[in-house]
Amino acid sequence: MALKLVFATHNQHKFREVKALMPATIELVNLTDIGCFEDIPETADTIEGNAQLKADFVRNHYDLPCFADDTGLEVTALDGAPGVYSARYAGPKKDAIANMEKLLEALAGKEDRSAQFKTVIALSMEGKEVMFPGICQGTIIHEPKGDQGFGYDPIFLPEGYDLTFAEMNQEEKGKISHRGKAIALLLDYVRNNF
Ligand code: IMP
């Protein structure tokens, strides 16, 4: 029987990306699938802290094996901003287009456009709590390209590629992305420990 694992997200883009990386031995469900319609508060001031908050919420309220991810875009010339505040960079509406516009403005005239996506996945399963990091380095281009993916994908060019994340399909992005790398570590751990 497949292992049922909750991915603590309401974000359908993230869910589809991660589901595509799961082996047949894992049945991945999201928050809606378990009847959780709340927006889990992300009040920590680190990516690790927010991932843990979301995993703890599911453990405490639903007592199911679960993991949560939190991601930030860290831009070198902005001293790592927007980082843990990436979702609300341009305000509380979490508007992806406004976030990209604000970032492009902040980088206007700056020579160094290097950046990285950093994901941390927090797993909570059978009394064990473990974190898995994933980083993808790249650069911020000057204007959005592509209509796949979500968030900052249209302005992020991963290192070694000439397509933005938004010009790649789910599988291509999943192979090289921050989240894909963290998920690979999580799957190794689950394989070796459960
Ligand atoms: P969170 O992990 O959902 O809190 O994401 C924080 C912010 O980063 C949000 O604005 C997301 O849209 C953005 N984000 C998270 N993951 C990705 C990604 O894989 N590509 C582009 N933007 C992302």
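Just above sits the structure.
What you see is a predicted model; the values in this text were computed from it and never measured.

A. Spatial organisation of the environment of Ala-20. Tracing the sequence through the fold places Ala-20 in the loop between helix 1 (12–19) and strand 2 (26–30). When the C-alpha positions of Ala-20 and Gln-170 are compared, they lie 7.8 Å apart, and in sequence the two are 150 residues distant. Not counting residues within four places of it along the chain, the set of residues in contact with Ala-20 comprises Gln-170 and Glu-171.

B. Focus on the nonpolar core. Formed by 19 residues in total, the largest nonpolar core has its most connected members in Leu-73, Leu-103, Ile-140, Tyr-152, Ile-155 and Phe-156. Contributions of two or more residues to this core are made by strand 3 (66–75), helix 3 (96–107), strand 5 (114–125) and strand 6 (128–140). Per-element accounting of this core gives the leading share, four residues, to helix 3. Residues in contact with Tyr-152, not counting those within four places in the same chain, are Leu-73, Pro-82, Ser-86, Tyr-89, Asn-99, Met-100, Leu-103 and Phe-117. Counting 18 residues, the second-largest nonpolar core is a separate cluster that includes Leu-5, Leu-28, Phe-67 and Leu-187.

C. Quick peek at helix 1. Within helix 1 the residues assigned to the buried category are Lys-14, Phe-15, Glu-17 and Val-18. Down the axis of helix 1, the buried set is contained in an arc of 165°. They therefore lie on one face.

D. Up close: the site of the ligand. Near the ligand there are 14 residues, and of these Lys-14, Asp-153, Lys-173, His-178 and Arg-179 occur at the shortest range. A distance of 3.2 Å separates an oxygen atom of the ligand from a polar side-chain atom of Asp-70. At 2.8 Å, a side-chain N or O of His-178 approaches an oxygen atom of the ligand. Notes on the ligand: free accessible area 480 Å², of which the protein chains cover 90%. Put simply, the parts of the chain that give the shell around the ligand at least two residues each are strand 3 and helix 5 (178–193). Of the residues assigned to the shell around the ligand, the class counts are four nonpolar, four polar and six charged.

Scoring rules and cut-offs
Residues numbered from 1 in each chain as written. Predicted model: local features only at pLDDT ≥ 70, side-chain atom pairs only at ≥ 80, totals over all residues. Heavy atoms only, no water. Helix = DSSP H or I, 4+ residues; strand = E, 2+ residues; numbered from the N terminus. Contact = heavy atoms within 4.5 Å. Core = buried A, V, L, I, M, F, W, Y, C linked by side-chain atoms within 4.5 Å. Buried < 20%, exposed > 50% of the residue type's maximum accessible area, 1.4 Å probe, protein only. Arc of directions from axis to C-beta. Near = heavy atom within 4 Å. Polar contact = N/O pair within 3.5 Å; in protein donor to acceptor, adjacent residues only side chain to side chain. Areas by Shrake-Rupley, 256 points an atom, 1.4 Å probe, with all protein chains shown as cover. Nonpolar A, V, L, I, M, F, W, Y, C, P; charged D, E, K, R; others polar.

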